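Spelled out, the chains give:
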Amino acid sequence: MPPTSAALTVENLSFAVGGAKILTDVNLEVPSGEIIGVIGPNGAGKTTLFNMISGIHAPTAGRILLDGKDITHERIHRRARAGLGRTFQTSNLFPGLSVLENVRLAAQRRLGGNLSVLRFPRRSDDATSVALDHLAEVGLADRVDVLAGGLSHGDKRKLEIAVLLAMDPSVILLDEPMAGVARADVPGLSEVIRGMHRDHGCTVLMVEHHIDVVMGLVDRVAVLHQGTILALDEPGKIMADPLVQSAYLGAAA
Ligand SMILES: Nc1ncnc2c1ncn2[C@@H]1O[C@H](COP(=O)(O)OP(=O)(O)OP(=O)(O)O)[C@@H](O)[C@H]1O
């Protein structure tokens, strides 16, 4: 197989449990710098696809390549070290630590320092200044000393993005970033995701149920239906696709 220039390639990926086919021959090639939305009805296999890519579950068949390198059987932390970052539907933050400490720990891990939440963070150290930069980027500069657990859902999502940025991933998986976020906070969070993609040039794969958010953010949309990719195209073409309309958009209306 020749090397691929895609940042992320999913090749004939299948996953079955006890005879039930959850994913069947899923193929997806994401060029570097592209942002792709993954939509589909409940139970279509979106989270399972993310779990395969991030290494939580092993596929029954198929391959996953990150920057052309086969990571199908790599452990989760090695995928992260290779440049894969992920957020989860439920928050993955340390609620009892401050906003700054959450990001500083991620930055420290990348910069190779000793992980310490006991040490009083000097605002001048490298990890702290990286953390403060990313917190400013996501609009949380004035909340650095607040405990992460006390943030609104929308601000928790922004904090998760700052944590991701501190780890400097090349490919980011966003799992329902708008889940639980108040309607009024959705535009601000969309802008943070747009800025993250624009300013860091990272490749993004995003599962999201808010169709309007997906259509306004992404280059292409993959529609997953009963464990297979039903369509993969630009947002306008996806919205106009009769197959997609009847399988998903019509059902969701
Ligand atoms: N490890 C597993 N064992 C058994 N069944 C599983 C497993 N993982 C996923 N499933 C099943 O696979 C199907 C797809 O689930 P998945 O969570 O990937 O869907 P989804 O598209 O993310 O749905 P939602 O939009 O509701 O989050 C579901 O029917 C689920 O019950």
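For the chain, an unreviewed UniProt entry supplies the name ABC transporter ATP-binding protein and the organism Georgenia daeguensis.

Asks: Where do I start with the sheet that holds strand β1 (residues 6–17) in this structure?
Replies: Two pairing modes exist for strands in a sheet, parallel and antiparallel, and in both the strands are linked by backbone hydrogen bonds. Taken in spatial order, the four strands make up an open sheet running β2-β1-β4-β5, and their pairing is antiparallel. Both outer strands of the open sheet, β2 (20–31) and β5 (69–70), are each paired with one neighbouring strand and no more.

Asks: Any chance you could explain the domain arrangement of the chain here in plain terms?
Replies: As a measure of interface size, the accessible area lost when the parts come together is often cited. In terms of domains, the chain is made up of domain 1 (1–83 + 170–253) and domain 2 (94–168). With centres defined by C-alpha atoms, the gap from domain 1 to domain 2 works out at 26 Å. Residue-level contacts link 13 residues of domain 1 with twelve residues of domain 2. The element contributing the most residues to the side of domain 1 that touches domain 2 is helix α6 (residues 186–200), with six residues. Per-class residue counts for the side of domain 1 that touches domain 2 are eight nonpolar, four polar and one charged.

Asks: Where do I start with the pairing of β2 in this structure?
Replies: Regular strands have side chains that alternate between both faces of the sheet. The pairing of β1 with β2 spans eight bridges and is classified as antiparallel. Bridge pairing in β2 links Val17 to Ala20. Turn length for the β1-β2 hairpin, with the two strands adjacent in sequence and antiparallel, is two residues, and the turn residue Gly18 shows positive phi of about 50°.

Asks: Is there a simple way to explain the site of the ligand in this structure?
Replies: The immediate surroundings of the ligand are formed by Val17, Ile22, Gly40, Asn42, Gly43, Ala44, Gly45, Lys46, Thr47 and Thr48. In terms of residue class, the shell around the ligand is made up of three nonpolar, six polar and one charged.

Asks: How should helix α1 (residues 46–54) be read in this particular structure?
Replies: Note: α-helices contain 3.6 residues per turn, so residues at a spacing of three or four share the same orientation. With respect to burial, α1 is a largely interior element, seven of its nine residues being buried. Every buried residue belonging to α1 is among Lys46, Thr48, Leu49, Phe50, Asn51, Met52 and Ile53, and all of these are buried. In the stretch just after α1, Gly55 is the one whose phi turns positive, near 95°.

Asks: Even after reading the chapter, I still don't get the sheet that holds strand β10 (residues 228–233), so can you show me in this structure?
Replies: Read from one edge to the other, the open sheet built from six strands follows the order β6-β7-β8-β3-β9-β10, with strand pairing classed as mixed. Two strands lie at the open edges of the sheet, namely β6 (84–86) and β10, each paired on one side alone. Sheet twist, expressed as the mean angle between neighbouring strand axes with direction ignored, is 20°. Both β6 and strand β7 (residues 171–175) contribute to a ladder of three bridges, which runs parallel. Bridging across to β7, Gly85 finds its partner in Ile172.

Asks: Help me out: how do you make sense of the confidence of the model for the chain in this one?
Replies: Any region with low pLDDT has predicted coordinates that should not be read closely. Taken as a whole, the chain shows an average pLDDT of 89; of its residues, 91% reach a score of 70 or greater. Per-element averaging of pLDDT across the chain places helix α9 (residues 242–252) at the bottom with 72 and strand β4 (residues 61–66) at the top with 97.

Asks: For this particular structure, what's the right way to read unusual backbone geometry?
Replies: Comment: phi is negative for the bulk of residues other than glycine, and the bulk of peptide bonds are trans. Even without being glycine, Asn12 reaches a positive phi, approximately 45°. Note that Asn12 resides in strand β1. One non-glycine residue with positive phi stands out, namely Glu176, at about 50°. Following the sequence through the fold, Glu176 ends up in the loop between β7 and α6.

Asks: How should I be thinking about the packing of helix α5 (residues 153–166) against α6 in this particular structure?
Replies: The relative placement of two packed helices is expressed as an angle between their axes plus a distance between the axes. For the pair α5 and α6, interaxial distance at closest approach is 10 Å and the crossing angle is 10°. The angle between the axes of α5 and α6 places the two elements in the roughly parallel class. Facing Gly154, Arg157, Lys158, Ile161 and Leu165 of α5, the residues of α6 in contact are Gly188, Leu189, Val192, Met196 and His200. When grouped by side-chain class, the residues that make up the contact of α5 with α6 number five nonpolar, three polar and two charged.

Asks: What exactly am I supposed to notice about the environment of Thr9 here?
Replies: The residue Thr9 is located in strand β1 in this model. Exposure remark for Thr9: the 22 C-beta atoms within 10 Å place this residue in the buried category.

Asks: It is not clear to me how the nonpolar core should be interpreted in this structure. Could you clarify?
Replies: Nonpolar side chains in soluble globular proteins generally cluster together in the buried interior. Counting residues in each nonpolar core, the largest one holds 71 residues, and the members touching the most others are Val38, Val103, Ala162, Ala166 and Val223. Top contributing element to this core by residue count: α5, with seven residues. Shared between two domains, this core takes at least three residues from each, and those domains are domain 1 (1–83 + 170–253) and domain 2 (94–168). Sequence-distant contacts of Val38, defined by excluding residues within four places in its chain, comprise Lys46, Leu49, Leu205, Met206, Val207, Ala222 and Leu224.

Thresholds, definitions, all that
Residues numbered from 1 in each chain as written. Predicted model: local features only at pLDDT ≥ 70, side-chain atom pairs only at ≥ 80, totals over all residues. Pairing = 2+ DSSP bridges. Helix = DSSP H or I, 4+ residues; strand = E, 2+ residues; numbered from the N terminus. Domains from an automatic or database assignment. Contact = placed C-beta atoms within 7 Å. Nonpolar A, V, L, I, M, F, W, Y, C, P; charged D, E, K, R; others polar. Near = placed C-beta within 6 Å. Buried ≥ 20, exposed ≤ 12 C-beta atoms within 10 Å, placed from the backbone. Axes fitted to C-alpha atoms, helices over the stretch in contact; angles between N-to-C directions. pLDDT = per-residue confidence, 0-100. Parallel < 35°, antiparallel > 145°, perpendicular 65-115°, else oblique. Core = buried A, V, L, I, M, F, W, Y, C linked by C-beta atoms within 7 Å.

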